[in-house]
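# Breakdown of the fold
If you want the building blocks of each chain, they are given just below.
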Amino acid sequence: MVMTEEQARVRQQTKRILNRFGRRRGNLVPILQKVQGEIGYLPREAMLEIAEFLDMPEIDVYGVVTFYNQFRLNPPGKHSVRVCLGTACHMKGGYITLDAWKRRLGIDRGQTSPDREFDLDTVACVGCCVMAPVTVVDDKPQGKVAPTKVDGILLSFKLEKERQGEESR
Amino acid sequence: MKITDLQSVLPAFQGIKSRAESQWRELRDGGKPVIMVGAATCGRAAGALEVLRAIKDELKKQRLDCPVVEVGCMGHCYAEPIVTISKPGYPPICYGYVNPVIAERLISEFILGDDPCLEFVLGALEENDLVPSFSDFPRAKFEKKVILKNCGHIDPEQVEHYIANGGYAALVKALQMQPEEIIDEVKSSGLRGRGGAGFPTGQKWEICRNAGGRPKYIICNGDEGDPGAFMDRAILESDPHSVLEGMIIAGYAIGARYGYIYVRAEYPLAVHRARLALRQAKKLNLLGKNILGSDFSFDIKLFQGSGAFVCGEETALIASLEGEPGIPHYRPPYPATNGLYGKPTLINNVKTLSSIRYIIQKGAEWFASVGTERSKGTAVFALAGKVVNTGLVEVPMGTTLRQVIFDVGSGIQGGKRFKAVQIGGPSGGCLPESALDLPIDFDSLTDAGAMMGSGGMIVLDEDDCMVEIARYFLEFTQRESCGKCTFCRLGTKQMLEVLDEITKGKGKIEDLDMLSWLAEDIKAGSFCGLGKTAPNPVLSTMSYFRDEYEAHIKEGRCPALMCRELIAYYIIPEKCERSCDACVGTCTVEAISANKKRIKVIDQEKCVKCGTCLDACPPQYNAVVKLSPPSQVPASK
Amino acid sequence: MKTVSLTIDGKRVKAHEGEKVLWAALDNGIYVPNLCTLRDNSEPSAACRLCFVEVEGKKQPVPACTETIEQGMVVNTKGPGALRLARTALELLLASHPVDCAHCPSSGSCELQKIAAHLGVKLKTRRFRKLLRELLVDSSSPVFIYDPNKCVLCGRCVWVCRERLGIGVLGFAHRGFERVVTTFGDGPIAESKCRDCGECVVACPTGALTFKDKQGTVKSAHKERVETETTQ
Ligand SMILES: Cc1cc2nc3c(=O)[nH]c(=O)nc-3n(C[C@H](O)[C@H](O)[C@H](O)COP(=O)(O)O)c2cc1C
Ligand code: SF4
Ligand code: FES
Ligand code: FES
């Protein structure tokens, strides 16, 4: 099979990361975390490269990747939206907030919007139940996210983008 | 180990300790006001970093030079961001709900001027004549801070703060004891594991010490998967060295060579601080080769869990450390004899390990004097939900639920009625008002159908639907099930399906029998603790709140007005004010319009039941109501 | 090796020390339903939960595949508690299995049918909701067809593919209800490293893996295995 340029690049990048690790199966999860940290997700080629490096069946790498919540098989969006569905947030309407995000972004949890601007997922308690329902937007927890606040957050991103667009023009 | 080898230990530590103490003294008694900002995750979420920046800017602007310290979580999460100011001549005063504006005022009026801004005070940390202190609060009578003692009072990123407050003295003492003596001490303290099951810690240590096979490992279980709990994270963020110290002592006692701290990657701050603590301890030779000159060598690594509730289960946790999916393995043999890479492995919870230093230092007897006959020491809870004072709570075992919720937690928010308290997360259960006088300990909670679990305590009020909370937890365990065994993979899915139908008003009364029958089978038949406890939230709500289940099934009514398919939002025409359009604009799906008389009407077809209009309707009109069943909405004319 | 004597269903039997109850029973002609365990596999996976038996002195039924025999042990494979659990487990499996025996090439050799008969459970269960997953059938291999919808996750094929043959094309992926036996990236078998040996098909107790054209062969292969296991 011929490799595309993109695939070759992923292989190279993965190899570089692998150089820092020993060939121990126990390193699998830390390796996956590192690769995802740098590439943003776990492309097929990266998983193949890792399987080869650790001398383990490819399916076992895939099995580990699909088992854990942390790992993603698709590129993330530019902004990450994490709706807290911890107990306190759920009971204060976190599911309503999730619905509002789904409705506005037009995607389900675990997905990235077609324009690659946002990816949507859920998290369990982020430790600020006082401000329930919480949504973590780009690693910053936002409190009391009612559906109207969802619109507000999206609007501010849109304005930001328009401003940047104007500046670059 | 021969005691003679240890003669170097004490002097080696003396130097470290006196340096730390002088550093701490300089901070506390340096004649300058000290400002402490609570910057654990809870504080940061509430804006602590902005407050921190405002403080630093204001200090610079005023040309003031006083130390600003980032501390961990004091437990008063409801009042975050929290700032504590210790100014010479004043008691240390703690301020709550601080924002950048308040922060600036604290600097200009209290640090610069002499007005302690009483309007923002939460409480003083010491008794005094000027401001009420925390010890005057009713909750102080019930709280007893042991493992949370340092949290929020020291900078978790400075090992010197920890040492100056008595840290690592227990390790030094332990290194001068025989390992068996340490184990005896832990055994007679009566400490039971805080990870949920309450297994006697000393006994586990002994088994592990006596097990053959080298090297031995110690794992600190900080997976904390309960979706409503954050104690372990708070401890790792606020006092990481207390966990390390417990691990090192455990390592010495059982003869381990390596240790792992297992923290989930979703807890970046805890990961960062634990890592930093490891580096600091290593530098001071509190970790590594020949610790403090003894012949005991011990190393600890940090491992980031990738987020799967089942990885809290010890065999699954080990599998994930070995690079496998977190699927539980068959026990026996137990990890204590055959654990990580088949070697003897001691797994203890964060809180268990951070209790160790107090047992060694103050003695088993002291530890055992707190708590009940069979549950010794204190219990740490993450108090959340509809309670006024959410946050971290530490009380002696044996304190009643009522005391925790109403005295420490100051009761229910907004004057609503208490309905239930959910304890033990997905493995636990919901207890009603009648159970409030139960003492909190391992055995009585289990007898009542809940569980000590990991320590999440969620308070529910009249607006919370008991069927929905059961469905929520089941959905969680179902999603987090590893999928290995039939009962958990398919059984919880069947139960969830039925609960889904009930919350949508499509349940049948026979379903309740099927649910309890299947729940019993899942408990008896599942492979690991996840499946074995997954039905608890359903069983406990079915036994204490059966009437709510029946209302959903028989009347299509959700008594708490929570289940979306069973409620409708309705604007009472008589109450709606013609000139007000507050709701119209806020509706996210444009379901509200005004009729000819300018009375607002909700289009039930379009309504997604998000409740925005109910919040938007000004209190003087209060025209929007929830009705259940939805058929209560009068037909539009 | 030392032998141990115990009683199973009132019959006094002998077995090697350290043996699991399941094998002691099967070796002595007493059938205990089982799917997920293989004799050569050192660690029982104990996943299917069909092999519950009652042991005198134990409060709850225990899986026979993980319970080590002991001298003088008294085992009852037909106790009401054990049968209740085994039946529920089987019904749960059947509720998520497209019970379409009339069109299934494995009908007659399928172990689900056999276990259902043994436990007196109807194949079309009423007690539970039908919860199917609608996964794609993979017929890309020249030799066999893989229908993941019929898979009971016993893991026999996975084990055979890696431990016995050292290939490791098949494995478990995803979690919980979504857990499946699959290939890397959930791709077609034909694009994996599969060598078409068909050992996995022979190992499969259900109709999830079936030979393409030699349907006769697969049937007899199954029958043979089932028979040797029960009569041994
Ligand atoms: C599904 C499941 C989840 C668990 N999660 C945790 C956890 O998050 N933290 C923890 O310390 N123990 C957890 N445990 C308990 C551990 O298996 C183990 O008993 C504990 O870490 C032992 O420590 P201890 O003796 O100090 O309690 C969990 C158990 C099960 C079955
Ligand atoms: S009970 Fe079974 S399926 Fe559930 S998590 Fe444990 S082993 Fe996995
Ligand atoms: S439940 Fe959402 S922050 Fe705790
Ligand atoms: S054979 Fe015992 S659980 Fe599957």
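Residues numbered from 1 in each chain as written. Chains lettered and ligands numbered in written order. Predicted model: local features only at pLDDT ≥ 70, side-chain atom pairs only at ≥ 80, totals over all residues. Heavy atoms only, no water.

### Quick notes on the domain arrangement of chain A
- Under the domain assignment used here, chain A contains domain 1 (5-67) and domain 2 (79-168).
- Placing the centre of domain 1 of chain A and that of domain 2 of chain A at their C-alpha centroids yields a distance of 30 Å. (Domains from an automatic or database assignment.)

### Focus: the interface of chain B and chain A
- Counting residues at the interface gives 56 residues for chain B and 40 residues for chain A.
- A buried area of about 3,700 Å², summed over both sides, lies between chain B and chain A, and 57% of it is on carbon and sulfur atoms.
- Glu-324 of chain B is the salt-bridge partner of Arg-25 of chain A, the closest N and O atoms lying 3.6 Å from each other.
- Counting only elements with at least two residues in the side of chain B that touches chain A, the list comes to helix H2 (41-45), strand S8 (299-305), helix H12 (314-321), strand S10 (378-385), strand S14 (456-461) and helix H17 (466-480) of chain B. (Contact = heavy atoms within 4.5 Å. Buried area = accessible area lost by both parts, 1.4 Å probe. Salt bridge = Lys/Arg side-chain N within 4 Å of Asp/Glu carboxyl O. Helix = DSSP H or I, 4+ residues; strand = E, 2+ residues; numbered from the N terminus.)

### Considering the sheet that holds strand S5 (residues 74-76) of chain C
- One open sheet holds the 5 strands; their spatial order is S2-S1-S5-S3-S4 (chain C), and the pairing between them is mixed. Looking at the sheet topology across the chains shown, the edges are occupied by strand S2 (11-16) and strand S4 (62-63) of chain C. (Pairing = 2+ DSSP bridges.)

### Notes on the sheet that holds strand S6 (residues 217-222) of chain B
Residues and elements named next belong to chain B.
- Taken together, the 4 strands give an open sheet; going across it, the order is S8-S7-S6-S9, and neighbouring strands pair in parallel fashion. Each having just a single partner strand, S8 and strand S9 (345-349) make up the two edges of the open sheet. Each neighbouring strand pair of the sheet contributes to a mean axis angle of 20 degrees, computed without reference to strand direction.
- Taken together, the 6 bridges between S6 and strand S7 (residues 258-264) define a ladder with parallel strand orientation. Paired with Gly-222 across the strands is Val-263, a residue of S7.
- The sheet strands contacting helix H13 (residues 350-362) are S6 and S9, and the helix crosses S9 at an angle near 90 degrees. (Axes fitted to C-alpha atoms, helices over the stretch in contact; angles between N-to-C directions.)

### Things to note about the nonpolar core
- By size, the foremost hydrophobic cluster in this structure holds 232 residues, and its most contacted members are Tyr-168, Ile-182 and Trp-205 of chain B.
- If one sorts the elements of this core by residue count, helix H2 (residues 80-95) of chain C sits on top with 10 residues.
- Once you skip the residues sitting within four places of it in the chain, Trp-205 of chain B turns out to touch Ile-182, Ile-183, Val-186, Ala-250, Ala-253, Ile-254, Leu-346, Asn-348 and Ile-356 of chain B. (Core = buried A, V, L, I, M, F, W, Y, C linked by side-chain atoms within 4.5 Å. Buried < 20%, exposed > 50% of the residue type's maximum accessible area, 1.4 Å probe, protein only.)

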